[in-house]
Amino acid sequence: MLGLAPPFEFDFRSDRIATGMNFTRKGSGPPLLLIHGLGGSARSFDPILGALTPKREVVVPDLPGFGDSPPLAGEVSIATLADSIEAFMDEHDLRGVDAAGSSMGARLVLELARRGSVGAVVSLDPGGFWTRREQQVFGGSVALAVSLVRALKPLLPFLTGNPVTRTLLFGQFSARPWALDSGVALTELRSFVAAKSFDEALHALANGPTQEGMPAGTATKPIVIGWGRRDLVCLPRQAQRAAKRFPDAELYWFDRCGHFPQWDSPDEAARLILQTTG
C-alpha cells in the first residue's frame, strides 16, 4: 500500500460548513475532488493519497450521513447526494474541478459530469448499470454483509488483523483480501458500522432508478470509467452498459482487481486519476 507520509509538506484541515459536510484538504496543485462509496468516508482514499497529493490539492468530503457529516434532512438518493455535492462545490468555489469517485461515489461523479458540474472524471466501478435482478442481488448481498459486520463489531480489530478472517470479510469486495492493509480494512469496516445513512442509501441504490447517461458528443472533458475484472459487487458485464450510456467515456480495465481499485491496485488507480485529470 502507498504510504501517507511523503517527503513534502501539505496543508490539512477539516471543517463543518453550511451544508454540514465534513471534509479534508491535502496537497498542492489544481483541486481534485474525491467522492467515496456507500458506507465509506474520506478515509476510503487513504491508500492513494500519498501518490495524488504531490501534484493535486485533494478535497475529500464525507457524504451526508457518512463519516463525520450529519445526514440529509430528507430523502437519501443519488439525486439528493449529487445536489449536496454541488452545494459543497459552490460554497468552496470548486464548481468545474476534476473529480474521481469509487463505487457509489463513482456513480455520483458520472451524475455530476452529466449535469456539467465537474471537469475531467474518473469513475471507479460505478453502480447503477445493473439489470433489475442484479440490482436485487446487490442489495441483498451487501445488506447481509453489513449486518454481519455490525454483529461482529467488537471483534473487528482481530478479524481484520488476520489474513484468513480478513479474506472471509472482504471476499466480495477485493480480489486479494488477504493482502489488504489491516488498518485500511479496519477503518473501512468501522465506517460502514457507524454510517448513519447506510441503510437509506442502500435502499435507494437497490430500489431506485438506474444511472442516466449522456448523449454522444456532449462531454467537454475526459471521462474514464475504470472497472475491476474481478468485481463481484458491480459485475464486469455492467461496464459495457456504462460505456453505452456514456459513449464519450473511455473504458479502462484493472486486471486482478475487485470492486475497489484503490485497494487492490493503488499505484495503477492513482496513475489513472493523475493521467486523466492532468
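Residues numbered from 1 in each chain as written. Predicted model: local features only at pLDDT ≥ 70, side-chain atom pairs only at ≥ 80, totals over all residues. Heavy atoms only, no water.

Draft legend 1. Representation of the nonpolar core. Counting residues in each nonpolar core, the largest one holds 61 residues, and the members touching the most others are Leu-33, Leu-38, Met-104, Leu-108 and Phe-198. Excluding residues within four positions of it along the chain, Leu-33 makes contact with Val-59, Pro-61, Ile-85, Phe-88, Met-89, Val-97, Asp-98, Ala-99 and Ala-100. Listed in part, the 20 residues of the second largest apolar core include Ile-48, Val-58, Leu-124 and Leu-272. (Core = buried A, V, L, I, M, F, W, Y, C linked by side-chain atoms within 4.5 Å. Buried < 20%, exposed > 50% of the residue type's maximum accessible area, 1.4 Å probe, protein only. Contact = heavy atoms within 4.5 Å.)

Draft legend 2. Spatial organisation of helix α11 (residues 266-277). For α11, spanning 12 residues, the distance from its first C-alpha to its last is 16 Å, which sits close to the expected 16 Å at 1.5 Å a residue. Buried residues of α11: Pro-266, Ala-269, Ala-270, Leu-272, Ile-273, Leu-274, Thr-276 and Thr-277, and no others. (Helix = DSSP H or I, 4+ residues; strand = E, 2+ residues; numbered from the N terminus. Expected span 1.5 Å × (residues − 1).)

Draft legend 3. Main features of the layout of surface pockets. Approximately 320 Å³ is the volume found for the largest pocket. Of all the secondary structure elements, the ones that give two or more residues to the lining of the largest pocket are β2 (23-26), α1 (46-52) and α7 (182-194). The biggest single contributor to the lining of the largest pocket is α7, with 4 residues. When its residues are assigned to classes, the lining of the largest pocket shows 6 nonpolar, 7 polar and 7 charged. A volume near 260 Å³ is recorded for the second largest pocket. For the second largest pocket, the lining is made up of 19 residues, of which Ser-77, Ile-78, Ala-79, Arg-107 and Pro-209 are closest to its centre. Of all the secondary structure elements, the ones that give two or more residues to the lining of the second largest pocket are α2 (78-91), α3 (104-115) and α8 (198-207). The biggest single contributor to the lining of the second largest pocket is α3, with 5 residues. For the lining of the second largest pocket, the residue count by class is 9 nonpolar, 4 polar and 6 charged. (1 Å grid on protein atoms, 1.4 Å probe; cavity = no way out; pocket = protein on both sides within 12 Å on 5 of 7 lines; lining within 4 Å. Points joined across faces, edges and corners; volume = space filled by probe spheres on them. Nonpolar A, V, L, I, M, F, W, Y, C, P; charged D, E, K, R; others polar.)

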